[in-house]
Amino acid sequence: MTLRAATADDLDAIMAIERRSFPTDAWSPELMAAELESPHGRYLVDEVEGTIIGYGGVRALQGGADADIQTIALDAVHRGSGRGRALLRALLDAAEERGAQEVFLEVRADNPSAEGLYLSEGFEEIGRRPRYYQPDDVDAIVMRLVLRHRRGATEPGAHDTDAAKGATA
Ligand SMILES: CC(C)(COP(=O)(O)OP(=O)(O)OC[C@H]1O[C@@H](n2cnc3c(N)ncnc32)[C@H](O)[C@@H]1OP(=O)(O)O)[C@@H](O)C(=O)NCCC(=O)NCCS
């Protein structure tokens, strides 16, 4: 699995996956291009033997407390083998590097795969936006992850305790 920063040259490959993954509400190429160029976030692509098979992006203003997972998608044949989780974790790492403390996202209420991924990474539902996704008339589930509650995250003071244990061992 190879994750790397997305560039403007990746637009066509990303848009092909975007259209296949979100047939009724794909972003426009203009919107995607603006996202790829924005200094306020980080977009990553997942490549297999030089072919882009997935992408994801997070909006996280440098030094801002909040970040938003903007999008994440893998080509269908590559789903279900852990790549989505790896991509999401890399986006959460990017948000953390930029100083975010909380990460938000919206997921369609009829997308249990994505919701399951987010729940398993520690996101919690904090609300719903009725009929947010049009033309499909599907609710959005709004989710939040407090980064210090991330699985594997070190609680404040834990390092000290470990160091103290090490010192007396
Ligand atoms: C959502 C998506 C990115 C997840 O990526 P993925 O590589 O398929 O997911 P992973 O293999 O990393 O699985 C991670 C977790 O997601 C959940 N999940 C994945 N597929 C699932 C399915 N068919 N049903 C229920 N949960 C599922 C599980 O919690 C899984 O963890 P587990 O394997 O330990 O049970 C991918 O399915 C996708 O591109 N979907 C289409 C686009 C999309 O819906 N994007 C999200 C928009 S909010």
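Before reading further, recall that the structure is shown in the block above.
Procedures and definitions
- Residues numbered from 1 in each chain as written.
- Predicted model: local features only at pLDDT ≥ 70, side-chain atom pairs only at ≥ 80, totals over all residues.
- Helix = DSSP H or I, 4+ residues; strand = E, 2+ residues; numbered from the N terminus.
- Buried ≥ 20, exposed ≤ 12 C-beta atoms within 10 Å, placed from the backbone.
- Core = buried A, V, L, I, M, F, W, Y, C linked by C-beta atoms within 7 Å.
- Contact = placed C-beta atoms within 7 Å.
- Pairing = 2+ DSSP bridges.
- Axes fitted to C-alpha atoms, helices over the stretch in contact; angles between N-to-C directions.
- Near = placed C-beta within 6 Å.
- Nonpolar A, V, L, I, M, F, W, Y, C, P; charged D, E, K, R; others polar.

Another aspect to go through is unusual backbone geometry. Keep in mind that most residues, glycine aside, have a negative phi and that most peptide bonds are trans. In the segment running from Q134 into P135, the intervening peptide bond is cis, with an omega of 10 degrees. Of note, E49 is a non-glycine position whose phi angle comes to about 45 degrees, a positive value. Within the secondary structure, E49 sits in the loop between β2 (41-48) and β3 (51-59). Given 6 C-beta atoms within 10 Å, E49 falls into the exposed group. Positioned with a positive phi, R131 is a non-glycine residue whose angle comes to about 55 degrees. You can see R131 is positioned in strand β6 (residues 124-133). On the basis of neighbour counts, which here come to 11 C-beta atoms within 10 Å, the residue R131 falls in the exposed class.

Moving on to the nonpolar core. Counting 30 residues, the largest nonpolar core has Y55, L91, A95 and V103 as the members making the most contacts within it. Elements with a minimum of two residues in this core: α1 (11-21), α2 (29-37), β2, β3, β4 (66-74), α3 (83-97), β5 (102-108) and β7 (138-146). Among the elements that line this core, the one with the most residues is α3, at six residues. Apart from residues no more than four positions distant in its own chain, A95 is found in contact with V58, A60, A67, A100, V103 and L147.

Take the sheet that holds β2 next. Spatial strand order, β1-β2-β3-β4-β5-β7-β6: seven strands in an open sheet with mixed pairing. Edge positions in the sheet fall to β1 (2-5) and β6, since each has one partner strand and no second. Going from strand to strand, the sheet's axes swing by 25 degrees on average, the running direction of each strand aside.

This part takes up the site of the ligand. Near the ligand you find 19 residues, and of these R79, G84, R85, G116 and L117 are the closest. Sorting the residues of the shell around the ligand by element identifies β4, α3 and α4 (112-120) as the ones contributing at least two each. Top contributing element to the shell around the ligand by residue count: α4, with six residues. When its residues are assigned to classes, the shell around the ligand shows seven nonpolar, nine polar and three charged.

Of all nine residues in β3, seven are buried; the element is thus mostly enclosed. Strand direction decides the pairing type here: β2 and β3, joined by eight bridges, are antiparallel. Counted as the bridge partner of V48 is T51 from β3. In this structure, β3 lies alongside β4, joined through six bridges in antiparallel fashion. What sits directly across from G54, in β4, is L74. Taking the residues that link successive antiparallel strands as the turn, the β3-β4 hairpin has six residues, and the phi of G63 there is positive, at about 85 degrees.

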